[in-house]
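# Summary of structural features
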Amino acid sequence: MKKITDQKWDGILKSIDRRRFLISSAAAGVLTLTPRFVSAAAGETYNLGVLLPSTGAGANWADSAIKAINIAVADINGRGGFLGKHPIKIHYRDTHTKPDVATREGRSIILDEKVRAIVGTYSSACALALQEITHEAKVLQLASISNSAKIVGANYSSYTYEFGPNTKMMSNAIVKAVAKLAHRNKWKRYITIGQDYEWGRNIQRGFVKELAKLGPDVKLQRELWFKLGESDLGSYISGIMSLKPDFVFPAVAGKDSRTLMEQGQAMGLLKVTSLVGGQITTVELQQQKDTLPRGLVGMSRCAFFAHLDEPLMQKYIKMYRDAQGQYPTDMSCMNFDVVYGLEQGIQKAGTIDTEAVKNALKGATLKTGRGTRTFRKCDNQLNVPTYIGEVFDDPDYPFPIYNRDKMIVVEAEDVWGTCEEAEAGRKKRS
Amino acid sequence: MELGFDFIFPQLMAGMSRGMLLFLVAAGLSLIFGVMNILNFAHATFWLLGGYITYSVLTLFGPTAGISPLLVIPATLVAIAVLVLIGFAIERTLVQKMYDRDVPEQLLLTFALVLIIGDVIKLIWGVEDRSVFLGLPPVELFGQFVNLYYFVIIGVGITVFAGLHLFLHKTSFGRIVRAAVHSREMVEALGIRISTIYMVVFGIGVGLAGLAGGVVLPLTPLALGADIDLIIQCFVVVVVGGFGSIIGTFVAALLIGVTYSFAIFLWPDGALAVIFLIVIAILIVRPWGLFGTELRT
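Residues numbered from 1 in each chain as written. Chains lettered and ligands numbered in written order. Predicted model: local features only at pLDDT ≥ 70, side-chain atom pairs only at ≥ 80, totals over all residues. Heavy atoms only, no water.

### Some remarks on the pairing of strand E8 (residues 247–251) of chain A
Residues and elements named next belong to chain A.
- In terms of burial, E8 is a largely internal element, five of the five residues being buried.
- Here E8 shows two buried faces, one formed by Phe247, Phe249 and Ala251 and the other by Val248 and Pro250.
- With two bridges connecting them, E8 and strand E9 (residues 274–279) associate as parallel partners. Bridging from a neighbouring strand, Val248 pairs with Leu275 of E9. (Buried < 20%, exposed > 50% of the residue type's maximum accessible area, 1.4 Å probe, protein only. Helix = DSSP H or I, 4+ residues; strand = E, 2+ residues; numbered from the N terminus. Pairing = 2+ DSSP bridges.)

### As for the pattern of salt bridges
Residues and elements named next belong to chain A.
- In total, this model carries 33 salt bridges over all chains according to the counting rule given.
- Linking Lys150 and Glu198 is a salt bridge whose minimum nitrogen-to-oxygen distance equals 3.6 Å. With a gap of 48 residues between them, Lys150 in helix H7 (residues 149–152) and Glu198 in helix H9 (residues 198–214) connect regions that are remote in the sequence.
- Of the residues examined, Lys150 reaches a relative accessible area of 34% and is grouped as partly exposed.
- Note that Asp394 is salt-bridged to Arg404, the shortest N-O span being 2.7 Å. Taken together, the residues Asp394 in the loop between strand E13 (386–392) and strand E14 (401–402) and Arg404 in the loop between E14 and strand E15 (408–410) connect sequence positions 10 residues apart.
- Asp394 gets classed as buried once you look at its relative accessible area, which sits at 10%. (Salt bridge = Lys/Arg side-chain N within 4 Å of Asp/Glu carboxyl O.)

### A short note on the environment of A:Asn147
All names here are of chain A.
- Residue position: Asn147 is located in the loop between strand E4 (140–143) and H7.
- Residue class for Asn147 comes out buried when judged on its relative accessible area of 0%.
- Sequence separation between Asn147 and Ala125 is 22 residues; the distance between their C-alpha atoms is 9.6 Å.

### Regarding the packing of helix H3 (residues 72–93) of chain B against helix H8 (residues 194–216) of chain B
All names here are of chain B.
- Two elements in contact, H3 and H8, have axes whose closest approach is 7 Å; the angle formed by their N-to-C orientations is 145 degrees. For the element pair H3 and H8, the recorded crossing hand is right-handed.
- Class assignment for the residues of the contact of H3 with H8 results in 14 nonpolar, eight polar and two charged. (Axes fitted to C-alpha atoms, helices over the stretch in contact; angles between N-to-C directions. Left-handed = near helix turned anticlockwise from the far one by under 90°. Nonpolar A, V, L, I, M, F, W, Y, C, P; charged D, E, K, R; others polar.)

Shown next as structure tokens:
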């Protein structure tokens, strides 16, 4: 800290006359005695953009995320906002799960609403498109549901932070479990079915590549792709059944996952083959509680029941149940972490200035519902785990969860690869 | 890949089911255009609304997972009744004013209905997907597992086709409707109120969409935005079959459904392209569709 010399003190004192001194002292006294909430109201509003779908294929997952963001923001605003003096104003836009809509709405809230950060999106295709805009406008993009590895890899932007496990981490995690199952069950042939867009292609590619290394005897028989939001998967399922693979890997998320599961059951898919490694998050576990086949192996991104000892997770569960009368989902859990993570970044920076917050988040260690987690400096990926488990009826919950005795929590460090890999082919940005 | 019976039979069943779903929605679209010359872009949105109404009625009986298939019948009948009334009301208040307008204006009006009804659905039912899970076990047929509900969809599709055909050709009201297709002025000159004919036809068309929404609900989930995807496929069916031709719509729906079912497996990346190649070929070679007449080009 710089010291103020006596000469400087003299200068300062000389510049303040008696009248000015009295006025200043009185003003300082008033400020000191003013209740905290009054001083907070004087702070600049923090405009927070939220780009998530309430229509289209992603609406089912995004719904609980939007609710969690609102709950967390209300909680922080109850304390006066960020730093106790910057009330948060949410600017929500529906992306319709479409990249063109996401970029249009993203541009709109940046230019018209002057948002400092955007939480979202659902679709990785939307997130990648939005990155071009947020990077150029120097606005923070806080991703969680959209989790293509490209977001922190080839399309990296220093303004983007990823709060969920990315596709590479997830496919590497599931492939380890599947390789064990394939070895145990002597599986030789498999089919992949995926949503035909950035995320689906990415996670399928990662899975196939890694399984070829861990289980070279297991051969990919066929890959099938359907458009996002396809409501009739009958022809795909009957085709898979006619090929009789040993197992099927679904690169399917959101409501399409439910469609695949329910139509698959009605067509007898599970009588012919095994469905392994699909995304069975707490959204599916709650919504399909009556129909989800028990024993199915799935993966999850933010399973609240894996962190019941974490004080922050306990807080999330309580807040969400109080507000919604339900348990939080993976999507709400991740987006609680996003909002409180942003708050911690702002606290570290001591200001809401976007550049300062961006720099404060770089390599930052955050308290999250999933424990204490750190952003990797080379790609802004939070070191969060992926959860793999068997669908299981737990008497403590009104819906099935993963069997906690057998659940595998794959830590980020085991699956996220090296920084060199993350940086390979990275887009050059100004 | 071996194209044996193991492959062909299940794909055919799935394709026929898909085709019947398309027919059930496109039949009303084709009927309304054939008789009234109104291109109803909101037709699949009425289908969606019918599905949501059916869903709500089903929830009155208890949880929608594992519900009895028989309960789908009264729930669908309620949806049809509500949709027919909505159809009457919309025809009287809005569509009636569009008869002498150009097609782009009709499309704009009906597209506005898509947005308005979509928002109404959002307000009443929220954004969550809705689905009904019957829990019917698959049936084993010729050594293959088949979704039992496929037979219901195919059966309803054939019944609706036969019913519409009989209605248009064997009843006096149907004959008047067909006459109105060719000469509105002549029908009016005979002292028949053409506006009543139009209102009834629009109501029937929208009611068919309601029927489709209810019947299909146990097979496919309801989601906001699903109507936009479906209406495009329905336009494809109607273009291929011929606007206003029920038999054309039926044949084209089966053709599109079955072709798509095989194409997604034989040429996964080009399945949609195959469908639109058929449309292009029809538009070039036979612009009035497989069963349409040149009068309607």
